[in-house]
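One letter stands for each residue in the lines below.
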Amino acid sequence: MTKSGPEITRRKILTGALYGAALLGLSGCDKLFDRLQQSRRIGALLDSAESASRRFLRLLTGRRRLAQEFEEKDISRYFKPNGNPPPLENEYMADAKAGWPNWRLEIGGMVERPTRLTLEELKGVPARTQITRHDCVEGWSAIAKWKGVPLARIIARVIPAPAARYVVFHCMDRDDNGELYYESIDMRDARHPQTILAYEMNGVPLPVEHGAPLRLRVETQLGYKMAKYIRRIEFVADLKTIPRGKGGYWEDRGYEWYAGI
Ligand SMILES: Nc1nc2c(c(=O)[nH]1)N[C@H]1C(S)=C(S)[C@@H](COP(=O)(O)O)O[C@H]1N2
Ligand SMILES: [Mo]
């Protein structure tokens with residue numbers, strides 16, 4: 001089977017659904033309430049029209065395939081910062097200004113070797129750079145160049161227990177109600193070669209609005225899976241025990257856990 005066949009079909013389906021969402025006037029709202037309404041309607045749309053086909057295509061092509069990579073010339077001039085506002089507490093901003101001397105990435109849960117890493121230490125791990133397209137469920141896309149540590153390298157270091165099935169990303173930003181953002185992926189996507197913990201965007205340190213100092217890029221899935229402002233990574237056997245039980249901030253509000261593209 002050629003790679004282009006299913007690829008094109010999949011893109012068409014996604015574009016169709018996003019275009020549908022745009023026609024319904026579902027893009028560009030900022031208020032949380034609007035976003036909740038929006039997520040429900042888009043969720044319903046995706047459920048009915050798209051997810052079944054996507055799941056079927058994924059069965060055909062598998063999840064090991066690589067997401068399309070682009071060239072420098074394709075990089076978007078504007079990349080919309082999206083989601084909850086950055087964690088603007090003094091502690092965060094002071095650390096950002098100073099180049100993250102106090103931030104540590106904590107990696108724990110069901111692992112043999114729990115680890116804490118500084119940003120400098122992360123930058124010392126062999127990195128991967130990729131130019132990829134980000135698709136937000138709200139109906140916009142943007143292409144950027146990302147550099148970061150393949151999550152597979154971190155996994156090799158901490159040695160998850162055989163029973164660990166998911167990787168949870170705990171973030172520093174909160175919504176209007178003070179609830180923290182979080183996300184999760186399974187071990188297969190975690191080991192995918194394009195799944196990276198990115199600290200650089202378009203050749204510069206990851207900007208605050210895009211998730212500084214560290215964000216996830218999981219190129220097999222939609223934008224809401226790509227946790228920004230990561231401070232802790234936890235390996236777990238079950239997602240039910242994590243904050244509200246559905247595996248992510250938006251999943252807890254009705255989005256699908258597997259947001260495959
Ligand atoms: N911590 C955190 N991560 C997040 C979000 C958020 O609100 N908080 N929003 C998600 C959504 S819906 C999208 S589309 C992308 C937006 O990334 P960007 O700000 O770089 O465009 O981040 C995702 N990751
Ligand atoms: Mo999004």
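Conventions used here
- Residues numbered from 1 in each chain as written.
- Chains lettered and ligands numbered in written order.
- Predicted model: local features only at pLDDT ≥ 70, side-chain atom pairs only at ≥ 80, totals over all residues.
- Heavy atoms only, no water.
- Near = heavy atom within 4 Å.
- Polar contact = N/O pair within 3.5 Å; in protein donor to acceptor, adjacent residues only side chain to side chain.
- Areas by Shrake-Rupley, 256 points an atom, 1.4 Å probe, with all protein chains shown as cover.
- Nonpolar A, V, L, I, M, F, W, Y, C, P; charged D, E, K, R; others polar.
- Helix = DSSP H or I, 4+ residues; strand = E, 2+ residues; numbered from the N terminus.
- Contact = heavy atoms within 4.5 Å.
- Core = buried A, V, L, I, M, F, W, Y, C linked by side-chain atoms within 4.5 Å.
- Buried < 20%, exposed > 50% of the residue type's maximum accessible area, 1.4 Å probe, protein only.
- Pairing = 2+ DSSP bridges.
- Axes fitted to C-alpha atoms, helices over the stretch in contact; angles between N-to-C directions.
- Salt bridge = Lys/Arg side-chain N within 4 Å of Asp/Glu carboxyl O.
- Lys, Arg positive; Asp, Glu negative; His and termini not counted.
- Phe/Tyr/Trp six-rings, centres within 6.5 Å; stacked < 30°, edge-to-face > 60°.
- Lys NZ or Arg CZ within 6 Å of the ring centre and 35° of its normal.

1. Concerning the site of ligand 1
Step number 1: Taken together, 21 residues lie around ligand 1, and K80, D173, H210, R215 and K228 are the ones closest in.
Step number 2: In this structure, H210 approaches ligand 1 through a side-chain N or O atom, which is 2.7 Å from an oxygen atom.
Step number 3: Contact between ligand 1 and K228: an oxygen atom at 2.5 Å from a side-chain N or O atom of the residue.
Step number 4: For ligand 1, whose free accessible area comes to 530 Å², the fraction covered by protein is 99%.
Step number 5: For the shell around ligand 1, a count of residues per class yields ten nonpolar, six polar and five charged.

2. Quick word on the environment of A190
Step number 1: Note that A190 resides in helix α6 (residues 187-190).
Step number 2: Along the backbone, A190 and V167 are 23 residues apart, and their C-alpha atoms lie at a distance of 7.1 Å.
Step number 3: For A190, the contacting residues outside a window of four places in its chain are L151, A152, I155, V167, I185 and T195.

3. Things to note about the nonpolar core
Step number 1: Grouped together as the largest cluster of nonpolar side chains are 44 residues, with contacts concentrated most on L151, F169, L197, I233 and F235.
Step number 2: Of all elements in the fold, only β1 (105-109), α4 (119-123), α5 (151-158), β5 (166-174), β6 (180-186), α6, β7 (196-201) and β10 (230-236) reach the threshold of two or more residues within this core.
Step number 3: F169 has contacts with L151, Y181, Y182, E183, S184, I185, L197, L216, A227, I230, R232 and I233, leaving out every residue within four places of it along the chain.
Step number 4: Grouped together as the second largest cluster of nonpolar side chains are ten residues, C136, W146, I196 and A198 included.

4. Some points on the sheet that holds β10
Step number 1: Pairing is mixed across the open sheet formed by five strands, whose spatial order is β2-β1-β10-β5-β6. Edge positions in the open sheet fall to β2 (115-117) and β6, since each of these has one partner strand only. Sheet twist, expressed as the mean angle between neighbouring strand axes with direction ignored, is 20°.
Step number 2: Relative to β2, β1 runs antiparallel, the two sharing three bridges. Paired with E106 across the two strands is R116, which belongs to β2.

5. Here we look at the pattern of salt bridges
Step number 1: For the structure shown, the criterion picks out 15 salt bridges.
Step number 2: A salt bridge links E71 to K73, with the shortest nitrogen-to-oxygen separation between them at 3.9 Å.
Step number 3: Its relative accessible area of 67% is what places K73 among the exposed residues.
Step number 4: Residue R217 pairs with E219 through a salt bridge whose shortest N-O separation is 3.1 Å.
Step number 5: For E219, a relative accessible area of 5% gives the class buried.
Step number 6: In this structure, a network of salt bridges that share partners links the residues D175, E179, R244 and R253.

6. Here's the deal with the side chain of R215
Step number 1: With respect to the secondary-structure elements, R215 resides in strand β9 (residues 215-217).
Step number 2: The side chain of R215 is buried and forms no salt bridge, while E219, the nearest opposite charge, is found at 8.2 Å.
Step number 3: At 3.2 Å, the side chain of R215 forms a polar contact with the backbone oxygen of H210.
Step number 4: What R215 contacts, discounting residues up to four positions off in sequence, is H134, W146, I196, L197, A198, L206, H210, M226, A227, K228 and I230.

7. With respect to the packing of aromatic side chains
Step number 1: Enumeration according to the criterion identifies ten aromatic pairs in this entry.
Step number 2: Between Y224 and Y255, the aromatic rings sit 4.4 Å apart at their centres with planes inclined by 90°, giving edge-to-face as the arrangement. In this pair, Y224 is assigned in the loop between β9 and β10 and Y255 in the segment after β10, connecting sequence segments 31 residues apart. You'll find Y224 and Y255 in the same group, each marked buried.
Step number 3: Between W250 and Y255 the ring centres are 5.3 Å apart and the planes differ by 35°, which places this aromatic pair in the tilted class. Here W250 matches Y255 in class, with each residue buried.
Step number 4: Positioned above the aromatic ring of Y249, the side-chain terminus of R253 is 3.7 Å from the ring centre.

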